[in-house]
Amino acid sequence: MRLSRSILPALFFSSLFTATLALADGDPARGQGLYVVCATCHGQNGEGSQEQNAPSLAGREQWYLARQLHNFKAGVRGAHADDVYGKMMAPMALILPDDQAIEDVAAYVASLK
Ligand code: HEC
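Below is a summary of the structure that appears in this document.

Definitions and cut-offs
Residues numbered from 1 in each chain as written. Predicted model: local features only at pLDDT ≥ 70, side-chain atom pairs only at ≥ 80, totals over all residues. Heavy atoms only, no water. Helix = DSSP H or I, 4+ residues; strand = E, 2+ residues; numbered from the N terminus. Buried < 20%, exposed > 50% of the residue type's maximum accessible area, 1.4 Å probe, protein only. Phe/Tyr/Trp six-rings, centres within 6.5 Å; stacked < 30°, edge-to-face > 60°. Donors = N, O, S within 2.8 Å, 3.2 Å for Na, K, Ca; no water. Tetrahedral: all angles 85-135°; square planar, octahedral: opposite > 155°, others 65-115°. Core = buried A, V, L, I, M, F, W, Y, C linked by side-chain atoms within 4.5 Å. Contact = heavy atoms within 4.5 Å. Axes fitted to C-alpha atoms, helices over the stretch in contact; angles between N-to-C directions. Parallel < 35°, antiparallel > 145°, perpendicular 65-115°, else oblique. Nonpolar A, V, L, I, M, F, W, Y, C, P; charged D, E, K, R; others polar. Near = heavy atom within 4 Å. Polar contact = N/O pair within 3.5 Å; in protein donor to acceptor, adjacent residues only side chain to side chain.

## Overview of the environment of D99
Inference 1: Secondary-structure assignment places D99 in helix 5 (residues 99–111).
Inference 2: Looking at D99, the relative accessible area reads 40%, which means it is partly exposed.
Inference 3: Between the C-alpha atom of D99 and that of G26, which follows or precedes it by 73 residues, the distance is 9.6 Å.

Set out below in structure tokens:
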């Protein structure tokens, strides 16, 4: 009993840690496929487009890109009625089905020069 009480949480947290590491990796090859839609506003090479009000994304840190995509998905960004440009982006984040897809597309964008 004593043993399992000390080991189980350790196993639980180590599996969480492994999952986090796997996510943080991101797969740029998978992300490239997801980025096809994004390129219509942010440009083929992530250079951005002022006409579309879409900022450049190329070379930004993966962790920052992933955080913003989570924020758009959760309605932390792009939900306010006056946030005209944020509201253009928020539905785009929703096409990324899960956390892995967010990491994959962020890894691809971060790799763009
Ligand atoms: C319809 C055009 C459009 C499409 C398609 C689009 N975006 Fe955006 N995106 C925008 C706009 C506009 C903004 C600026 C939002 C703002 O001003 O708050 C933005 C902002 C962002 C930001 C935040 C940048 C920062 O500096 O904080 C990220 C990250 C992003 N987009 C990633 C993506 C990804 C990944 C996709 C594809 C899944 C995508 N976008 C598809 C228009 C688009």
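## Focus on the packing of aromatic side chains
Inference 1: The final tally for this structure, using the stated rule, is two aromatic pairs.
Inference 2: When the ring of W63 is compared with that of Y64, the centres are 6.2 Å apart and the planes differ by 90°; the resulting orientation is edge-to-face.
Inference 3: A relative accessible area of 51% places W63 in the exposed class.
Inference 4: According to the relative accessible area criterion, Y64 is partly exposed, its value standing at 26%.

## Digging into the coordination of the iron atom of the ligand
In ideal tetrahedral geometry, four donors around a metal make angles of 109.5 degrees, whereas ideal octahedral geometry with six donors gives angles of 90 or 180 degrees.
Inference 1: Within the protein, the iron atom of the ligand binds to H42 (NE2) and M89 (SD); these donor distances fall in the range 2.0 to 2.2 Å.
Inference 2: Classification of the site at the iron atom of the ligand as octahedral follows from its six donor atoms and the range of 87 to 180° in their angles at the metal. Linking H42 in helix 2 (residues 28–42) with M89 in helix 4 (residues 84–93), this pair joins segments that are 47 residues apart in sequence.
Inference 3: By relative accessible area, H42 is classed as buried at 9%.

## Examining the nonpolar core
Inference 1: The biggest cluster of nonpolar side chains holds 17 residues, and the ones touching the most others in it are Y35, L65, L69, L96, I102, V105 and V109.
Inference 2: When residues of this core are assigned to their parent elements, the largest contribution, six residues, is made by helix 5.
Inference 3: Apart from residues lying up to four places away in sequence, L96 is in contact with L34, L69, K73, A101, I102 and V105.

## Looking at the packing of helix 2 against helix 5
Inference 1: Taken N-terminus to C-terminus, the directions of helix 2 and helix 5 make an angle of 85°; their axes are 7 Å apart at the nearest point. Taken together, helix 2 and helix 5 sit at an angle that is classed as roughly perpendicular. Contacts between helix 2 and helix 5 pair P28, R30, G31, Q32, L34, Y35 and C38 from the former with Q100, A101, D104, V105, A107, Y108 and V109 from the latter.
Inference 2: Of the residues belonging to the contact of helix 2 with helix 5, the class tally is nine nonpolar, three polar and two charged.

## Quick word on the site of the ligand
Inference 1: Taken together, 21 residues lie around the ligand, and C38, C41, H42, R77 and M89 are the ones closest in.
Inference 2: At a separation of 3.1 Å, an oxygen atom of the ligand approaches a polar side-chain atom of R60.
Inference 3: Counting residues per element, the ones that place at least two in the shell around the ligand are helix 2, helix 3 (62–74) and helix 4.

## Digging into the side chain of D104
Inference 1: With respect to the helices, strands and loops of the structure, D104 is situated in helix 5.
Inference 2: Within the local environment of D104, its side chain forms a polar contact with the side chain of R30, the two groups lying 3.1 Å apart.
Inference 3: If sequence neighbours within four positions are ignored, D104 has contacts with G26, D27, P28, R30, G31 and L34.

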